[in-house]
Structure formats: structure tokens, C-alpha cells
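Here's the letter readout for the chains.
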Amino acid sequence: MARLNEAAPAVTMDRRRFIAGTGAAAIAISGGALIHAGEAWGLEVKALKPETMLTLIKLARDIYPHDRLADRFYAVAMKPYDEKAAKDAAAKADTERAVAELDALARKQHKLPYAQVGWESQRVNLLRVIQKGKFFQGVRGSLVVALYNQPEVWPLFGYEGESASKGGYIARGFGDITWL
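Not measured: the values here are computed from a predicted model.

About the thresholds
Residues numbered from 1 in each chain as written. Predicted model: local features only at pLDDT ≥ 70, side-chain atom pairs only at ≥ 80, totals over all residues. Heavy atoms only, no water. Axes fitted to C-alpha atoms, helices over the stretch in contact; angles between N-to-C directions. Helix = DSSP H or I, 4+ residues; strand = E, 2+ residues; numbered from the N terminus. Parallel < 35°, antiparallel > 145°, perpendicular 65-115°, else oblique. Contact = heavy atoms within 4.5 Å. Nonpolar A, V, L, I, M, F, W, Y, C, P; charged D, E, K, R; others polar. Salt bridge = Lys/Arg side-chain N within 4 Å of Asp/Glu carboxyl O. Buried < 20%, exposed > 50% of the residue type's maximum accessible area, 1.4 Å probe, protein only. Expected span 1.5 Å × (residues − 1). Bend = angle between axes of the 7 residues up to and from the residue. Core = buried A, V, L, I, M, F, W, Y, C linked by side-chain atoms within 4.5 Å.

1. With respect to the packing of helix α3 (residues 71–87) against helix α4 (residues 89–110)
Each packed pair of helices is defined by two parameters, the angle between the axes and the distance between the axes.
Then comes step 1: It is the contact of α3 with α4, at a shortest axis distance of 5 Å, that shows an interaxial angle of 130 degrees. Put simply, α3 runs oblique to α4. Between α3, through Tyr81, Lys84, Ala85 and Lys87, and α4, the contact on the second element is made entirely by Ala89, Ala91, Lys92 and Thr95.
Then comes step 2: Classifying every residue of the contact of α3 with α4 by side-chain character gives four nonpolar, one polar and three charged.

Have a look at this one:
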């Protein structure tokens, strides 16, 4: 606590920390669905627990963090886990168990389940503990395709999509280099 004649210590918070600290509360669980009022989307969860799906979405964002991507893109990327769990009881059990173990680790260190740990850096430290495991590696590997193969994401990264149907790169931008 600052004395009367001393300045209070400055509290610094950048955008990433603010978003990470407020993001956990942005997605609400309602029955068997996840609702994000701020981004106006919802995701019906059919096989997994909604809390499990919420954790998977937060996990996906922590593995591949992009401030410019809305949570809905991460939800779409993780939806296959719910679809697989609906068809395969063993996959459902494995996913629920792995998320429960991650939540237990978070509770042990922060007294909160993983999705409610407010600081991204704290969640990343939890991920470092499990990063060599089958679950983490499976999620990380599936995200490369499930997240970045969404055509709605491409413009956010400046990617125009494939060029073969548009005449190829020779006719579309190959000679546009202005720095040579």
C-alpha cells in the first residue's frame, strides 16, 4: 500500500492479459450449449459435458493464441471432439478424463478449473506440464487443420485462399513484388 506522499505502484495490463483475464467469463453454459453473448454465437454440445467443451475451447486458444480470432473459430475447431465422442464411447471417456486431469492440475495450483484460470501465462504453465502427453499432442495436432482450414479465418491472416481456380499465382500476384 502506498503512503500518502508516495505514488501508488503502476499496474500494467496489455490487451492480451485483459482478454485472457476476461475471456473465461465470456462463454456461458446453458443446458447442453455454450453461449457467447458478446460474439453472438452458440454451440450445442451433444456428447461431452459443456464444461469439457468450454475447457477444450480455452485450451485451443492457449495453444494457438490469436487476438484477432473470435472464440467461435476455436469452438468450430474443437467441435469434432464432441462429434467423435457421440460416436465412440472410448473417445468420449478419454477426452472427459484428460480434461478432468487438466482441471485437477489447475485446481491444485490455482483453486479453479482450467477454463476459469484468469491469466493466460498461468494456463500456459499448466500446459507445459502436460505438453508431452498424448492428449495435448492430439489437440495441438488436430488444431493445425481444424483451426487454419476454416475459410472464414483466412482473410484475418491475409491469405486469399488457393489460386489454381483463379489462374494460379503466375497470373495473380507473382510479379507484384515491389521491394526488388
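2. Comments concerning the pattern of salt bridges
Then comes step 1: Within this structure, the stated rule accounts for five salt bridges.
Then comes step 2: Among the salt bridges present, the one from Asp62 reaches Arg123, with a minimum N-O distance of 2.6 Å. Of the two residues, Asp62 sits in helix α2 (residues 50–63) while Arg123 sits in helix α5 (residues 120–130), which places them 61 residues apart along the sequence. For the pair Asp62 and Arg123, one class covers both residues: buried.
Then comes step 3: The salt bridge involving Asp94 is made with Arg97; its shortest N-O contact spans 3.5 Å. Taken together, the residues Asp94 and Arg97, both in helix α4 and three residues apart, mark about one turn of the helix.
Then comes step 4: On the accessibility criterion, Asp94 (39% relative accessible area) is partly exposed.
Then comes step 5: Several salt bridges converge on common partners, so that one network encompasses Asp94, Arg97 and Glu101.

3. Details of unusual backbone geometry
Then comes step 1: The phi torsion at Lys111 lies on the positive side, around 65 degrees, for a residue other than glycine.
Then comes step 2: For Lys111, the position within the fold is in the loop between α4 and α5.

4. As for α3
Then comes step 1: With 17 residues, α3 ought to run about 24 Å at 1.5 Å a step, and its terminal C-alpha atoms sit 25 Å apart, in line with that.
Then comes step 2: Along α3, the sharpest change in direction is near 35 degrees and occurs at Ala77; proline Pro80 comes one to four residues later.

5. A few points about the nonpolar core
Nonpolar side chains in soluble globular proteins tend to be buried together.
Then comes step 1: Met53, Leu56, Ile57, Leu59 and Leu143 are the most contacted members of the largest nonpolar core, which has 39 residues in total.
Then comes step 2: Every element with two or more residues in this core is listed here: β3 (41–44), α2, α3, α4, α5 and α6 (134–148).
Then comes step 3: Excluding residues within four positions of it along the chain, Met53 makes contact with Leu34, Leu43, Val45, Leu48, Ala75, Met78, Lys79 and Asp82.

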